[in-house]
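Here are the chains, one letter per residue:
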Amino acid sequence: MDDDELISVLPIHYSNSLSPNVHIHQFPLLSRPLQTPPAAAVSGKRIRARIKPITRRLEIHVPVDPRPEVWNGERSKELGAARQEDDREKNQDVGKMKQMEGEDPRLVEARMRSELIPQEGAYMLGVVRNGQLHLQPISETHQFRPTLTYLDIMSRKSRRSRGDAGSDDDSDDGPPPDPDEPPPVQTTSKKEKKPLEVKEVQVSARKAADDKGNLQGGLSAVRREMLLAIRAEEDEVWEDLDFCDGETAEGHDAFEAVFSQNEEHLECKSDITAFLKGIKGL
């Protein structure tokens, strides 16, 4: 390490003025930025965003490129009808989408839905400007993936059109059995039995919740909680957000807010021992 020369020292400016509104958003876009395609922008299409504040779910709607060489307009009608039905089943804002798309629904945008990723430790946004390192804490990390649940609607219709609705896989005998529940007891024909000797037996009962070893009951409770969480998320109302990319004036103002103008020096009141004790795993 003696040959590792110290080149420069950067003063650090730390600010939490934007907390808790600084997030990491990861998108599956490797070749282009998250912007409206030029052909869609000419027709007035813009990227839209919305959020479910309680469940912390975000959605970003990116207009598709409508050029005939890269987009099948006839196919978009079938996909749009499937998405409209999927939205209706999931209590989405069907009325607004129908008004925007007209009487004949079309698939005119790609939706990307977020998944909240737990953070390990403290994440920071850091930008170097004028020889100074500016830091802002990051409160949430989201990974966005395209939502293709409307394809399930199309698959279900395709099976019905082929006459598979009456098959064993799609029968209307009710939902499949819960794998977490114990199998039903098989009843057999009763045979004539000899009278048994009566004995006195002492038994005790306790609640299933108190039985920690009842794995099947625990799994069923977890499954019910997951279904309730899914239903609660579907019932929560979306709230619209304004999407501003980095080329807009709003995006420029948000970027400038990262840099702190406060020159007050922070005084460290903890020693190295307290710092090391606060690190998990040491």
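Note that the structure is a prediction, hence the values are computed from the model and not measured.

Asks: Before we go on, may I ask you to explain the overall build of the protein in this structure?
Replies: Along its length, the protein carries seven helices and nine strands. Taken across its 282 residues, the protein has 22% of its residues classed as buried. A fraction of 78% describes how many contacts in the protein between residues 6 or more apart in sequence connect residues 24 or more apart. As displayed, the protein has an accessible area near 22,300 Å², and 53% of this comes from carbon and sulfur atoms.

Asks: Sorry if this is basic, but what is going on with the pattern of salt bridges here?
Replies: Side-chain pairing between opposite charges can occur once the charged atoms of the two side chains come close. Counted according to the given criterion, the structure contains 16 salt bridges. Between Lys-77 and Glu-74 there is a salt bridge, and its shortest N-O distance comes to 3.7 Å. Of this pair, Lys-77 and Glu-74 both sit in helix H2 (residues 73-89), separated by three residues, roughly a single helical turn. Of the charged contacts, one joins Arg-129 and Glu-256 as a salt bridge, the two residues approaching to 3.1 Å between their closest N and O atoms. Of the two residues, Arg-129 sits in strand E6 (residues 123-129) while Glu-256 sits in helix H6 (residues 249-256), which places them 127 residues apart along the sequence.

Asks: Honestly, the sheet that holds strand E4 (residues 57-63) in this entry has me stumped. Any pointers?
Replies: Strand order in this open sheet of six strands is E2-E8-E5-E4-E3-E9, and the pairing throughout is mixed. With one partner strand each, in any of the chains shown, strand E2 (23-26) and strand E9 (239-241) form the two edges of the open sheet. When strand polarity is set aside, the average angle formed by the axes of neighbouring strands in this sheet is 25°. Sheet topology places strand E5 (residues 109-117) next to strand E8 (residues 140-146); six bridges connect them, and they run antiparallel. Paired with Glu-115 across the strands is Gln-143, a residue of E8.

Asks: Even after reading the chapter, I still don't get the layout of surface pockets, so can you show me in this structure?
Replies: If a probe as big as a water molecule is rolled over the atoms, it shows which places are left empty. In this structure, the largest pocket spans a volume of roughly 1,200 Å³. In terms of lining residues, the largest pocket is bounded by 31 residues, among which Asn-21, His-23, His-25, Cys-244 and Ala-254 are the most central. For the lining of the largest pocket, the secondary-structure elements that each account for two or more residues are E2, strand E3 (48-52), E4 and H6. Tallying contributions element by element places H6 first for the lining of the largest pocket, with four residues. Residues that form the lining of the largest pocket fall into these classes: 19 nonpolar, six polar and six charged.

Asks: Is there a simple way to explain the nonpolar core in this structure?
Replies: If you look at soluble globular proteins, the nonpolar side chains tend to sit buried side by side. Grouped together as the largest cluster of nonpolar side chains are nine residues: Leu-34, Ile-47, Ala-49, Ile-51, Leu-58, Ile-60, Val-62, Met-112 and Phe-144. Elements that contribute at least two residues to this core include exactly E3 and E4. Top contributing element to this core by residue count: E4, with three residues. Residue contacts for Phe-144: discarding those within four places in its chain leaves His-25, Gln-26, Phe-27, Pro-28, Leu-58, Ile-60, Met-112, Arg-113 and Ser-114. Grouped together as the second largest cluster of nonpolar side chains are six residues, Leu-79, Ala-82, Ile-153 and Met-154 included.

Asks: Can you help me understand the pairing of E6 in this one?
Replies: Residues in a regular strand project their side chains so that they alternate between the two faces of the sheet. Of the pairings in the sheet, the one linking E6 to strand E7 (residues 132-138) comprises seven bridges and is antiparallel in character. Looking at E7, one finds that Val-127 is bridged to His-134. Two successive antiparallel strands, E6 and E7, enclose a turn made up of two residues, where Asn-130 displays a positive phi of approximately 55°.

Asks: How do you make sense of the sheet that holds E6 when you look at a structure like this?
Replies: Sheet strands pair via backbone hydrogen bonds, and the direction of the pair is either parallel or antiparallel. One open sheet holds the three strands; their spatial order is E1-E7-E6, and the pairing between them is mixed. Every other strand in the sheet has two partners, leaving strand E1 (12-14) and E6 as the edge strands with one partner each. In this sheet, adjacent strand axes meet at a mean angle of 25° when their direction is disregarded.

Asks: Please clarify how the side chain of Ser-15 should be interpreted in this entry.
Replies: Its place among the elements puts Ser-15 in the loop between E1 and E2. Assessed through its relative accessible area of 13%, Ser-15 is described here as buried. At 3.2 Å, the side chain of Ser-15 and the side chain of Ser-17 are in polar contact. What Ser-15 contacts, discounting residues up to four positions off in sequence, is Leu-135, Gln-136, Pro-137 and Ser-260.

Thresholds applied
Residues numbered from 1 in each chain as written. Predicted model: local features only at pLDDT ≥ 70, side-chain atom pairs only at ≥ 80, totals over all residues. Heavy atoms only, no water. Helix = DSSP H or I, 4+ residues; strand = E, 2+ residues; numbered from the N terminus. Buried < 20%, exposed > 50% of the residue type's maximum accessible area, 1.4 Å probe, protein only. Contact = heavy atoms within 4.5 Å. Areas by Shrake-Rupley, 256 points an atom, 1.4 Å probe, with all protein chains shown as cover. Salt bridge = Lys/Arg side-chain N within 4 Å of Asp/Glu carboxyl O. Pairing = 2+ DSSP bridges. Axes fitted to C-alpha atoms, helices over the stretch in contact; angles between N-to-C directions. 1 Å grid on protein atoms, 1.4 Å probe; cavity = no way out; pocket = protein on both sides within 12 Å on 5 of 7 lines; lining within 4 Å. Points joined across faces, edges and corners; volume = space filled by probe spheres on them. Nonpolar A, V, L, I, M, F, W, Y, C, P; charged D, E, K, R; others polar. Core = buried A, V, L, I, M, F, W, Y, C linked by side-chain atoms within 4.5 Å. Polar contact = N/O pair within 3.5 Å; in protein donor to acceptor, adjacent residues only side chain to side chain.

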